[in-house]
Amino acid sequence: MGLKLLFFFVLLLIVEVYAFQAFKTVLRGKWMLIGYLVISIVLFIYILYSFLSFDRSVGQTQHTMFTMGLMLLVFVPKIILALVLLGEDLYRLISGMFRAAVGDSSEGFLEARRTFVSQIGLGLAAIPFFSLIYGMTIGKYNFKVIKQTIHFPDLPIEFDGFTITQISDVHSGSFDDPEKISYAIDLVNQQNSDMVLFTGDIVNTHAVEMDPWIDTFKRIHNPKYGKYSVLGNHDYGEYIDWKTQKEKDDNFEAIKKLYGDIGFELLLNEHRFIEKNGQRIALIGVENWGHNFKKVGDIKKAAQGVAQEDFKVVMSHDPSHWDYELKQDPKNYHLTLSGHTHGMQFGIEIPGFFKWSLAQYIYPQWAGLYETLGRYVYVNRGFGFHAYPGRVGIMPEITVIELKKGEKVS
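First, a word on what this report is: a plain description of the structure on this page. (Residues numbered from 1 in each chain as written. Predicted model: local features only at pLDDT ≥ 70, side-chain atom pairs only at ≥ 80, totals over all residues. Heavy atoms only, no water.)

## Some points on the nonpolar core
- One finds Phe-175, Ile-202, Met-210, Phe-217 and Phe-383 to be the most contacted residues of the largest nonpolar core, which totals 33 residues.
- Secondary-structure elements contributing two or more residues to this core are helix H5 (178-190), strand S3 (195-198), helix H6 (214-217) and helix H7 (245-261).
- It is H5 that contributes the most residues to this core, five residues altogether.
- Residues Ile-150, Leu-155, Phe-162 and Leu-403 belong to the second largest nonpolar core, which totals 24 residues. (Core = buried A, V, L, I, M, F, W, Y, C linked by side-chain atoms within 4.5 Å. Buried < 20%, exposed > 50% of the residue type's maximum accessible area, 1.4 Å probe, protein only. Helix = DSSP H or I, 4+ residues; strand = E, 2+ residues; numbered from the N terminus.)

Shown next as structure tokens:
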């Protein structure tokens, strides 16, 4: 880990050198350049110190999130700038080799840097710089209600038009604005859905993170067909060093209790039948199962007693569970609701036309609705945020799913 961190900061130093070259080209005043250097050195030392002093027995804090946000704000634009200048250097190198080959030494081997290239690099770097500022100030609480209608030929007729509001990945330890969170809960209630589902990650690590927010989340209305939840990977306390196993176990029990404290029934590899006018659907809740994360979800145990012909809605935090196990399971799990990815909290979305995020290179199903052979997974983009204290392009989501009887509408 130490060598990886060393390599990472050596790369950042190289980026800093390139960025300095760009600013040196466009900043004419000596004191402006000195000011830039001083600020850059101070920020680099602060970020390095914060990473080296990270306490794995505490885990993520507001300070560590601030440091992550600051690092991205400082270095993502500089990486863009460095790539532009690296491209110019390749051009200068090839041009110098060509001139040397033909015996032209009028400009020396390497041409001087061109001001307009540095200006282009700075212009491109300004885009992520201001986007990241937006993400940390406005984007992280820019809640969006996304409505999705899904058609199923074998949906019981009594459930035609049945609505489900889904939230996921609350990460309450990251919150810092009670007014914005209260507004989001009002949005949840305004949907007046038949059922509310919460697909895991109520905290970052510690149960106490949720204490200031319990009364706020208790305000989520209890609809006619109930409120249900499952656990997410962060709910197991896997990402810090605990002093004792008992301390970890006690925290886990406290986290499970939190779901009940806010009025949700926690399903731990079990199911409930939701009945309406003599017909039913099965709601199946599994513990976390992730391809690269904790695997304690047991779909066979959770669905024991559910018939083949029952319509099934599965809550499973990590969409890789659907990808690896559920979509081809002969028991026919009609709809799976997941979260986990957050859409990486950074990307580009133009609804109905285009969506991109680094998350798609890790998760084939990373945001929105996906289908295989009439079996669906919906991946919620997350209610909260984690690590980077913001959201750019991928906004916090409250999902409303409407179940409709009939063939898929093309």
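## Re the sheet that holds strand S2 (residues 162-167)
- The mixed open sheet is built from six strands, whose spatial order is S1-S14-S2-S3-S4-S5. In this open sheet, the two strands that pair with only one neighbour each are strand S1 (144-152) and strand S5 (265-266).
- Bridging between S2 and strand S14 (residues 397-405) involves five bridges; their strand directions are antiparallel. Counterpart to Phe-162 in the pairing with S14 is Leu-403.
- Helix-sheet contacts for H5 involve S1, S2 and S14, and the interaxial angle to S14 is about 10°. (Pairing = 2+ DSSP bridges. Contact = heavy atoms within 4.5 Å. Axes fitted to C-alpha atoms, helices over the stretch in contact; angles between N-to-C directions.)

## So, the sheet that holds strand S13 (residues 375-379)
- Strand order across the open sheet formed by six strands is S6-S7-S8-S9-S13-S12, with mixed pairing between neighbours. Bordering the open sheet on either side are strand S6 (270-276) and strand S12 (368-372), each of which pairs with just one other strand. Neighbour-to-neighbour, the strand axes of the sheet open up by a mean angle of 20°, direction not taken into account.
- Alignment of strand S8 (residues 311-315) against strand S9 (residues 335-338), held across three bridges, turns out to be parallel. Among the inter-strand pairings, Met-315 is bridged to a residue of S9, identified as Leu-337.
- Across the sheet, helix H9 (residues 319-326) is in contact with S8, S9, S12 and S13; its angle to S13 comes to roughly 160°.

## Looking at unusual backbone geometry
- Located in the positive-phi region is Asn-192, a residue other than glycine, with phi close to 50°.
- Looking at where Asn-192 falls in the secondary structure, it is placed in the loop between H5 and S3.
- Of note, Gln-345 is a non-glycine position whose phi angle comes to about 60°, a positive value.
- Looking at the element boundaries, Gln-345 is found in the loop between S9 and strand S10 (347-350).

## Notes on the packing of aromatic side chains
- Scanning the model with the defined rule gives 22 aromatic pairs in all.
- Taken together, a centroid distance of 4.8 Å and an interplanar angle of 45° make the contact between Phe-143 and Phe-383 tilted. Here Phe-143 is found in the loop between helix H4 (115-137) and S1, whereas its partner Phe-383 is found in the loop between S13 and S14, with 240 residues between them in sequence.
- You can call Phe-143 buried: its relative accessible area is 6%.
- In textbook terms, an aromatic cluster arises when at least three aromatic residues are bridged by ring pairs, as seen for Tyr-141, Phe-143, Phe-175, Trp-213, Phe-217, Phe-383 and Phe-385.
- It is Lys-30 that lies over the ring of Trp-31; its NZ or CZ is 5.8 Å from the centre.
- The aromatic ring of Phe-75 is capped on one face by Lys-78, whose charged end is 6.0 Å from the ring centroid. (Phe/Tyr/Trp six-rings, centres within 6.5 Å; stacked < 30°, edge-to-face > 60°. Lys NZ or Arg CZ within 6 Å of the ring centre and 35° of its normal.)

## Remarks on a nonpolar patch on the surface
- Taken together, the side chains of Leu-3, Leu-6, Phe-7, Val-10, Leu-11 and Ile-14 define a hydrophobic patch exposed on the protein surface, amounting to about 610 Å² of accessible area.
- Looking at Leu-11, the relative accessible area reads 40%, which means it is partly exposed. (Patch = residues over 30% accessible without salt bridge, like charges linked within 9 Å, V, L, I, M, F, W, Y side chains within 5 Å. Areas by Shrake-Rupley, 256 points an atom, 1.4 Å probe, with all protein chains shown as cover. Salt bridge = Lys/Arg side-chain N within 4 Å of Asp/Glu carboxyl O.)

## Structural notes on the side chain of Asp-323
- Checked against the element boundaries, Asp-323 lands in helix H9.
- Using a relative accessible area of 18% as the deciding quantity, one classes Asp-323 as buried.
- Of the polar contacts made by the side chain of Asp-323, one reaches the side chain of Lys-327; its length is 2.8 Å.
- Sequence-distant contacts of Asp-323, defined by excluding residues within four places in its chain, comprise Pro-364 and Gln-365. (Polar contact = N/O pair within 3.5 Å; in protein donor to acceptor, adjacent residues only side chain to side chain.)

## Observations concerning the pairing of strand S11 (residues 354-357)
- As paired elements, S10 and S11 share four bridges and run antiparallel to each other. Along S11, the bridge assignment pairs Gly-347 with Ser-357.
- The turn linking S10 back onto S11 is made up of three residues, and Gly-352 within it adopts a positive phi angle of 85°.

## Topic: the pattern of salt bridges
- Tallied over the full model, the rule gives 20 salt bridges.
- Ionic pairing is found between Asp-160 and Lys-404, a salt bridge with its closest N-O pair at 3.4 Å. Note that Asp-160 is positioned in the loop between S1 and S2 and Lys-404 in strand S14, a separation of 244 residues in sequence.
- Two residues, Arg-381 and Glu-397, come together in a salt bridge whose shortest N-O distance is 2.9 Å. Linking Arg-381 in the loop between S13 and S14 with Glu-397 in strand S14, this pair joins segments that are 16 residues apart in sequence.
- Using a relative accessible area of 7% as the deciding quantity, one classes Arg-381 as buried.

## With respect to the side chain of Glu-287
- As for its placement among the helices and strands, Glu-287 is situated in the loop between strand S7 (279-285) and helix H8 (299-302).
- Although Glu-287 is buried, it makes no salt bridge; Lys-301 carries the closest opposite charge, 6.3 Å away.
- At 2.8 Å, the side chain of Glu-287 and the side chain of Tyr-236 are in polar contact.
- Beyond its immediate stretch of four places on either side in the chain, Glu-287 contacts Leu-231, Tyr-236, Leu-268, Asn-269, Val-296 and Gly-297. (Lys, Arg positive; Asp, Glu negative; His and termini not counted.)

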